[in-house]
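Results of the structural survey
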Protein chains: 2
Amino acid sequence: MGLRASIVIGCVLLAASPAFADPAPPPKPFPTPTEIVDAAPKADWAPIAIDDLLVMDLAPDRDGSLRRVIIQLMPPPFSQGWVGNIRKLAAARWWDGLSINRVQDNYVAQWGDPDSDDKIKARKLPEGLAVVGEGYKTGGAFLDQIARERKLIAHDPDLFGMNGFWAGWPIGYQSLGEVFSDLDGAWPIHCYAMVGVGRDMPPDTGTGAELYAVIGTPPRQLDRNIALVGRVIEGMEYLSALPRGHGALGFYEKPAMRVPIQHIRLASELPAAEQPHFEYLSTESTSFAKYADARANRRDPFYIVPAGGVDICNVPVPIRRTR
Amino acid sequence: MGLRASIVIGCVLLAASPAFADPAPPPKPFPTPTEIVDAAPKADWAPIAIDDLLVMDLAPDRDGSLRRVIIQLMPPPFSQGWVGNIRKLAAARWWDGLSINRVQDNYVAQWGDPDSDDKIKARKLPEGLAVVGEGYKTGGAFLDQIARERKLIAHDPDLFGMNGFWAGWPIGYQSLGEVFSDLDGAWPIHCYAMVGVGRDMPPDTGTGAELYAVIGTPPRQLDRNIALVGRVIEGMEYLSALPRGHGALGFYEKPAMRVPIQHIRLASELPAAEQPHFEYLSTESTSFAKYADARANRRDPFYIVPAGGVDICNVPVPIRRTR
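Residues numbered from 1 in each chain as written. Chains lettered and ligands numbered in written order. Predicted model: local features only at pLDDT ≥ 70, side-chain atom pairs only at ≥ 80, totals over all residues. Heavy atoms only, no water.

**What about the overall build of chain A?**
For the record, the criterion: Put simply, DSSP marks the helices as runs of H or I at least four residues long and the strands as runs of E at least two long, and each gets a number from the N terminus on. Only the C-alpha atoms count toward the radius of gyration. The rule for a globule is 2.2 Å times the residue count to the power 0.38. Only protein chains enter the calculation, and the probe is 1.4 Å; a residue is then buried if its accessible area is under 20% of its type maximum, exposed if over 50%, and partly exposed in between.
From N to C terminus, chain A includes six helices and 15 strands. For chain A, the C-alpha radius of gyration of 21 Å lies close to 20 Å, the compact-globule estimate for 323 residues. In terms of its C-alpha atoms, chain A occupies a principal-axis envelope of roughly 70 × 55 × 40 Å. Burial analysis of chain A (323 residues in total) assigns 53% to the buried set.

**Points about the side chain of B:Arg220**
Our working definition: Polar contacts, as counted here, are pairs of nitrogen or oxygen atoms within 3.5 Å of one another; within protein the pair requires one atom able to donate a hydrogen and one able to accept it, and residues that are adjacent in sequence qualify only if both atoms are side-chain atoms. Any two residues having at least one pair of non-hydrogen atoms within 4.5 Å are treated as being in contact.
Assignment of secondary structure puts B:Arg220 in the loop between strand 11 (211–214) and strand 12 (228–234). In this structure the side chain of B:Arg220 is engaged in a polar contact, spanning 3.2 Å, whose partner is the side chain of B:Asp158. Separated by 2.7 Å, the side chains of B:Arg220 and B:Asp223 make a polar contact. Not counting residues up to four positions away in its chain, the partners in contact with B:Arg220 are A:Ala307, A:Asn314, B:Asp158, B:Phe160, B:Ile189, B:His190, B:Asp311 and B:Ile312.

**A short note on the sheet that holds strand 8 (residues 169–174) of chain B**
Residues and elements named next belong to chain B. Short version of the rule: Here, a strand pair is defined by DSSP locating no fewer than two bridges between the strands. In this description, a line fitted to the C-alpha atoms serves as the axis of each element, helices being fitted only across the stretch in contact, and the angle between N-to-C directions of two axes falls anywhere from 0 to 180 degrees.
One open sheet holds the four strands; their spatial order is 6-7-8-9, and the pairing between them is antiparallel. Edge positions in the sheet fall to strand 6 (152–158) and strand 9 (185–188), since each of these pairs with one other strand and no more. This sheet shows a mean twist of 35 degrees between the axes of neighbouring strands, independent of strand direction. In the sheet, strand 7 (residues 161–166) pairs with strand 8 via five bridges, with the strands oriented antiparallel. Across the sheet, residue Trp166 finds its bridge partner in strand 8, namely Trp169.

**Notes on the sheet that holds strand 14 (residues 278–281) of chain B**
Residue and element names in this part refer to chain B. Spatially, the three strands line up as an open sheet ordered 1-14-15, and their pairing is antiparallel. Each having just a single partner strand, strand 1 (45–48) and strand 15 (319–321) make up the two edges of the open sheet. Taking the axes of each pair of neighbouring strands and ignoring which way they run, one obtains an average angle of 35 degrees across the sheet.

**Some thoughts on helix 6 (residues 286–296) of chain A**
Where helix 6 of chain A is concerned, the buried positions are A:Ser287, A:Phe288, A:Tyr291, A:Ala292, A:Ala294, A:Arg295 and A:Ala296. Here the buried face of helix 6 of chain A lies against helix 2 (33–39), strand 7 (161–166) and strand 14 (278–281) of chain A.

**A closer look at the state of the cysteines**
Residues and elements named next belong to chain A. In plain terms, the rule: In this description, the term disulfide denotes a pair of cysteine sulfurs within 2.5 Å.
Counted according to the given criterion, the structure contains two disulfides over all chains. Bridging Cys191 to Cys313, the disulfide has an S-S length of 2.1 Å. Given an S-S torsion of about -80 degrees, the disulfide between Cys191 and Cys313 has left-handed geometry. You can see Cys191 sitting in the loop between strand 9 (185–188) and strand 10 (194–197) and its partner Cys313 sitting in the loop between helix 6 and strand 15 (319–321), a full 122 residues away along the chain. For Cys313, a relative accessible area of 6% gives the class buried.

**Details of the pattern of salt bridges**
Residue and element names in this part refer to chain A. Rules: Basic side-chain nitrogens of Lys or Arg form a salt bridge, by our definition, when they fall within 4 Å of a carboxyl oxygen of Asp or Glu.
What the rule picks out here adds up to 30 salt bridges over all chains. Linking Arg68 and Asp57 is a salt bridge whose minimum nitrogen-to-oxygen distance equals 2.8 Å. With Arg68 in strand 3 (residues 67–73) and Asp57 in strand 2 (residues 53–58), this residue pair connects regions lying eleven residues apart in the sequence. Judged by its relative accessible area of 21%, Arg68 falls in the partly exposed class.

**As for the interface of chain B and chain A**
Note the threshold: Computed with a 1.4 Å rolling probe, the buried area is the accessible surface lost when two parts are put together, summed over both parts.
Each partner contributes to the interface: chain B provides 51 residues, whereas chain A provides 51 residues. Around 4400 Å² of area is buried between chain B and chain A when both sides are counted, 55% of it from carbon and sulfur atoms. Its largest share of buried area at the contact with chain A, chain B owes to B:Leu159, B:Phe302 and B:Ile304, together 16% of the area lost on that side. Connecting chain B to chain A are two salt bridges. Taken together, the connections running from chain B to chain A amount to 17 residue pairs in polar contact (both at pLDDT 80 or more).

**Considering the relation of the copies chain B and chain A**
Quick note on the threshold: Copy-to-copy alignment: least squares on C-alpha atoms, limited to residues at pLDDT 70 or above in both.
The transform that puts chain B on chain A rotates by 180 degrees and translates by 0.0 Å along the axis, for an RMSD of 0.0 Å. The transformation relating the two chain copies, once decomposed into turn and shift, fits a two-fold axis. Using C-alpha coordinates, one finds that chain B approaches the rotation axis most closely at B:Ala241, a distance of 2.0 Å. Comparing interface residues between copies, 100% of those in chain B also sit at the interface in chain A, which points to an isologous, same-surface contact.

**With respect to the confidence of the model for chain A**
Where the model shows low pLDDT, its predicted coordinates should not be examined in detail. Residues and elements named next belong to chain A. Definition in use: The quantity called pLDDT is the predictor's confidence in a given residue, expressed from 0 to 100.
The predicted model of chain A averages 91 in pLDDT, with 92% of residues at 70 or higher. A low-confidence stretch, residues 1–21 stays under pLDDT 50, and its non-local contacts, those more than four residues away or across chains, total 21 contacts. Model confidence for the complex is summarised by a pTM of 0.91, with the ipTM given as 0.91.

**A closer look at the packing of aromatic side chains**
Note the cut-off: Pairing of aromatic side chains here covers Phe, Tyr and the six-membered ring of Trp, requires ring centres within 6.5 Å, and sorts the geometry by plane angle: under 30 degrees stacked, over 60 edge-to-face, intermediate tilted.
Counted according to the given criterion, the structure contains 16 aromatic pairs over all chains. With centroids separated by 5.1 Å and ring planes inclined at 85 degrees, the aromatic side chains of A:Phe142 and A:Trp166 adopt a geometry described as edge-to-face. One end of the pair, A:Phe142, is in helix 4 (residues 140–148); the other, A:Trp166, is in strand 7, with 24 residues separating them in the sequence. Residue class for A:Phe142 comes out buried when judged on its relative accessible area of 11%. When the ring of B:Phe78 is compared with that of B:Phe142, the centres are 5.6 Å apart and the planes differ by 85 degrees; the resulting orientation is edge-to-face. Linking B:Phe78 in the loop between strand 3 (67–73) and helix 3 (80–91) with B:Phe142 in helix 4 (residues 140–148), this pair joins segments that are 64 residues apart in sequence. One aromatic cluster in this structure is built from A:Phe78, A:Phe142 and A:Trp166.

**Quick notes on the environment of B:Thr138**
Residues and elements named next belong to chain B. Mapped onto the elements of the fold, Thr138 is located in the loop between strand 5 (108–112) and helix 4. By relative accessible area, which is 9% here, Thr138 ends up buried. With 45 residues separating them along the chain, Thr138 and Leu183 place their C-alpha atoms 9.9 Å apart. In this structure, Thr138 is in contact with Pro77, Phe78, Asp184, Gly185 and Ala186, ignoring residues within four places of it in sequence.

**Re the pairing of strand 4 (residues 99–104) of chain A**
In the case of a regular strand, side chains alternate between the two sheet surfaces. Residues and elements named next belong to chain A. The buried count for strand 4 comes to six of six residues, which makes it a mostly enclosed element. Across five bridges, strand 4 lies against strand 5 (residues 108–112) in antiparallel orientation. Across the sheet, the residue bridging to Gln104 is Val108, located in strand 5. Sheet topology places strand 4 next to strand 13 (residues 259–266); two bridges connect them, and they run antiparallel. Note on strand 13: the bridge partner recorded for Ile100 is Val259.

Set out below in structure tokens:
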């Protein structure tokens, strides 16, 4: 992902700017997306609240290395019933000792209780979880508000209709007109690394205890059909590079193949010194607009033909650690 | 991928159709894409020529399992200069003992000579490789011909313009009109599992010795900027689930992390009994049209809202082994 590269190169730029340094070289006529991100002023970056981070530690790999996956939870008004449940499940240490049970190539990696369908062996859910219905999109009033506040940055419409960026997230939306109907609303988009809630056939059967991350081609058919609750912002490779399962739907055929979860915690519960801190390139900033344009029209020297467009899922929002 | 599932379920259907069996149940009103593929008559499947298959065996994994990746090469008129070079390189055993050197999350896995930039250590290329220029798309006459022959199956236009399926491959194209200009032509699309030719800045620097496979979000910015020469049709997970590299561009930082290639062979060079055989669901068949429609509009019971469209890269052409 570009995230790691932007962190590294960001440090290089910092190191190259001591007092009395030579003046900066003139900007290139056609910088790469990464160069645009690295040149973005600090004011164009926005912090991610510690309260919105979830830390999943998998069992160390065979070399003994830590495998930590950090997830940013979606802000209101999206999917908050499920997000609230996830906070409760993490606070109750509900996932500790469970596992990643399904890795389907070019689709999803999924974790939770492998015995959830077994009435005797299933781990008991904590009290007080919300039963959430079909709340897979907002009402139209939300669209009206963020459009008025200029917080909705439209991107090129795609096969699925309108889409754009809001507060650092890719969203689809419908009918941004003067008068809103029940059909209007906005919803998060299934891009790479987005995290969603597994469910059975009835739409109200997903609690948030069973989660998945997208590890391939954006499965846009799931938009508005499943709740998206966040995205992986660090450690994505510990999910995307897991061995694939060969049972139906990519479930591991043998329990020994499952990948143990040591624990999932709210980052705010970690000791202060261990808490990770991140910021994202504000999707309302000039730097982000330049970055998105460069991703749609690569004119840096490697390229012969600029594409003239870019899928919203191929404009990953730059996110970096601050410490 | 859906490929494996369709093979398995296909076997179940066969087993359930003995003589004197109960009559088949009536078809479901809204079958899933997999159900449509499994119900496709044999006449809707087309063989893949053994001459178009390349077999890459990686070093066995830590459990000793074989890791075989099978690649289907692109047919004429696409990228044939590079495809010809790849045939020569395989016949010369050029890749044997080289390695996968770069795995960048959500982008590509890339293999070839890790010392290719070192004039002393670089492995010598075989004689007679073609130097191929910017042949990243066909001329307009090809479009004219396949449209007249009804071999171009148009798909919904996307952000990048026109696209569709031809002879089992996803292609983009431009200006399918009565009169063709130099700007017209067709080109393969960078979907998941497509295989392309790494190159340096000048467009004529890729020989085919350095190859990559797409392991994430379709990088459509590369269309018309890099030669696509084929796609992985079996064993994709042995590339997509490799550990990610943490050097620049996802190169492995230490030589020991590289994944050794035992050998790459043309499948036609294997002993007859070991040759793999595949067929694909003809993209001109009624079954494929139904399958593509179902992927665009899921109405089977899990879904609440059909998407109303589907990216061409989210319509993977069904491919299965025949033996």
